[in-house]
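For reference, the chains in residue letters:
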Amino acid sequence: MRRALVRPVSESLSRCELTCIERSVIDLEVATGQHRDYCQILAENGLIVQTLPAAHDLPDAVFVEDTAVVLDELAVITRPGAESRRPEVVAVIEALAPWRELVHLTAPATLDGGDVLVVDRTVFVGASARSNEAGRQQLATALDPWGYQVRAVPLSGCLHLKSAVTLVSDELLLANPRWASMEAFGGIPHIPVAPEEPHAANSLRLPDRLLLPAAFPRTRERLEDAGIATLTVPAGELAKAEGGVSCQSIIFDDGLAQ
Ligand code: GLY
């Protein structure tokens, strides 16, 4: 079965880290409702949704994706680039331990899971403010025995690689080419987001459909025209905390226990 780890919206969300957007008022009730809808969509689409304990003292805890990179063979526990986020990994380690061998990144490495995009055996890592060269090197060392290659992707203007590029089918990307250097992806084709929807590249692959924030109808139309079946969830309040739909879960196959 596909399992999704999620974590409730923290009561301190308004003190979240922000890198590329201005702070604005976040309605906690709306954000919590949007996250609830998100979890319900994951469950309706065949995922086992496992909710980690709430962490109201950790503002960004809902963006659980940043704490681990889970592959079929192992899970790499990250060392998030923002110091305030480092304690988030504790609950994630506990949740992943039954399912995977764990490898832990250590200082001076920093890496956010939102910077990691896996396409077959190539692991693209955003060279963002959150993920450094030591993070990429430690990730490469952990993954090398399994035949994965790590490749850096230059970014500008966005928080994470997956703010700019996500995988929408086995060999097709959705991308905002203004934020990520698409040459880094070699010959992998991409659908560009609608220019008026720069934040639309962050999507989440579910078993049969692609999940997108509801705010990006023109990009959705481009995907549907290309034969990608989509569904949407309102995500605007969590977007004010610089989070998208991929950030709110860690999805993996739990039939591959270590
Ligand atoms: N607020 C999401 C992050 O900056 O990590």
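Residues numbered from 1 in each chain as written. Predicted model: local features only at pLDDT ≥ 70, side-chain atom pairs only at ≥ 80, totals over all residues. Heavy atoms only, no water.

**Regarding the overall build of the protein**
In plain terms, the rule: Helical segments are the DSSP runs of H or I of at least four residues, strand segments are the runs of E of at least two, and each set is numbered from the N terminus. Only C-alpha atoms enter the radius of gyration, while the globule expectation follows 2.2 Å times N to the 0.38, with N the number of residues. The criterion used for residue contact is that any of the two residues' heavy atoms lie within 4.5 Å. Each accessible area value is a Shrake-Rupley result obtained with a 1.4 Å probe; residue values ignore everything except the protein chains displayed when judging cover. By the counting rule applied here, Lys and Arg register as positive and Asp and Glu as negative, while His and the ends of each chain are not counted. Taken as the charge centre is NZ of Lys, CZ of Arg, CG of Asp or CD of Glu, depending on the residue.
For the protein, the helix and strand inventory stands at 6 helices and 15 strands. In summary, the protein has a C-alpha radius of gyration of 17 Å against a globular reference of 18 Å for 258 residues, a match within 12%. Along the three orthogonal principal directions, the C-alpha set of the protein runs to about 45 × 40 × 35 Å. Of the contacts made within the protein by residues no fewer than 6 positions apart, 70% connect residues no fewer than 24 positions apart. In the structure as shown, the protein presents an accessible area of about 11,000 Å², 50% of it carried by carbon and sulfur atoms. Charge centroids of the protein, computed over 22 positive and 35 negative side chains, lie 1 Å from each other.

**A closer look at the site of the ligand**
Applicable threshold: Whether a residue is near a molecule or strand is decided by its heavy atoms; if any one of them lies within 4 Å of it, the residue is near. Distance and chemistry together define a polar contact, namely a pair of N or O atoms within 3.5 Å, with one atom able to donate a hydrogen and the other to accept it when in protein, and with adjacent residues in sequence counting only for side-chain atoms on both sides.
Taken together, Glu 17, Asp 60, Phe 63, Arg 85, Arg 130, Leu 159, Ala 241 and Glu 242 are the residues near the ligand. A distance of 2.7 Å separates a nitrogen atom of the ligand from a polar atom in the backbone of Glu 17. One of the side-chain N or O atoms of Arg 85 is found 2.6 Å from an oxygen atom in the ligand. Protein burial of the ligand: of its 200 Å² of free accessible surface, 99% is covered by the chains.

**Digging into the pattern of salt bridges**
Pairs can form between side chains of opposite charge once their charged atoms are near each other. Applied cut-off: Any Lys or Arg side-chain nitrogen located within 4 Å of an Asp or Glu carboxyl oxygen qualifies as a salt bridge. The buried label goes to any residue with under 20% of its type's maximum accessible area, the exposed label to any with over 50%, and the partly exposed label to all in between, with areas taken from a 1.4 Å probe on protein chains only.
For the structure shown, the criterion picks out 10 salt bridges. Arg 3 is paired through a salt bridge with Asp 254; the nearest N and O atoms lie 2.9 Å apart. Separated by 251 residues along the polypeptide, Arg 3 in strand β1 (residues 2–6) and Asp 254 in the segment after β15 (250–253) bring together distant segments of the chain. Summarising the burial analysis for this pair, Arg 3 and Asp 254 share the class buried. One salt bridge in this structure joins Asp 170 and Arg 205, with 3.0 Å as the shortest N-O distance. Within this pair, whereas Asp 170 is found in the loop between β9 (165–169) and β10 (172–175), its partner Arg 205 is found in strand β12 (residues 204–205), the two being separated by 35 residues in sequence.

**Overview of the nonpolar core**
The test is simple: Among the buried residues, those of types Ala, Val, Leu, Ile, Met, Phe, Trp, Tyr and Cys that are joined through side-chain atoms within 4.5 Å form a nonpolar core.
Judged by nonpolar contacts, the single largest core of 17 residues is most densely connected at Leu 117, Val 153, Leu 161, Val 165, Leu 173 and Phe 185. Counting only elements with at least two residues in this core, the list comes to β6 (116–119), α4 (161–164), β9 and β10. The residues contacting Leu 161, other than those within four sequence positions of it, are Gly 114, Asp 115, Leu 117, Phe 124, Val 125, Gly 126, Val 153, Leu 155 and Phe 185.

**Some words on the environment of Ser 10**
As for its position among the elements, Ser 10 is in the loop between β1 and α1 (28–44). As for Ser 10 and Val 76, which are separated by 66 residues in sequence, their C-alpha atoms are 24 Å apart. Those residues within four positions of Ser 10 in sequence are excluded, and the remaining contacts are Leu 28, Ala 55, His 56, Asp 57, Leu 58 and Pro 59. Reaching out from Ser 10, the side chain makes a polar contact with the backbone oxygen of Leu 58 at a distance of 3.4 Å.

**Looking at the state of the cysteines**
Inclusion rule: In what follows, a disulfide is any cysteine sulfur pair within 2.5 Å.
Per the counting criterion, the structure on display carries 0 disulfides. The closest cysteine sulfur to the non-disulfide-bonded Cys 16 is located on Cys 247, 12 Å from its own sulfur. Summary of cysteine pairing: Cys 247 is not part of a disulfide, and the nearest cysteine sulfur, belonging to Cys 158, is at 11 Å.

**With respect to the sheet that holds strand β14 (residues 230–233)**
Test applied: Here the rule is simple: two strands pair whenever DSSP picks up at least two bridges between them. In this description, a line fitted to the C-alpha atoms serves as the axis of each element, helices being fitted only across the stretch in contact, and the angle between N-to-C directions of two axes falls anywhere from 0 to 180 degrees.
Read across the open sheet, the 3 strands follow the order β12-β13-β14; overall the sheet is mixed. Every interior strand has two partners, whereas the edge strands, β12 and β14, have only one. Pairing between strand β13 (residues 210–213) and β14: 4 bridges, direction parallel. In the strand pairing of β14, Pro 213 is matched with Val 233. Across the sheet, α1 is in contact with β12, β13 and β14; its angle to β14 comes to roughly 150°. Along the sheet, helix α5 (residues 217–225) contacts β13 and β14; its crossing angle with β14, the most-contacted strand, is approximately 160°.

Just distances and angles here, no functional claims.
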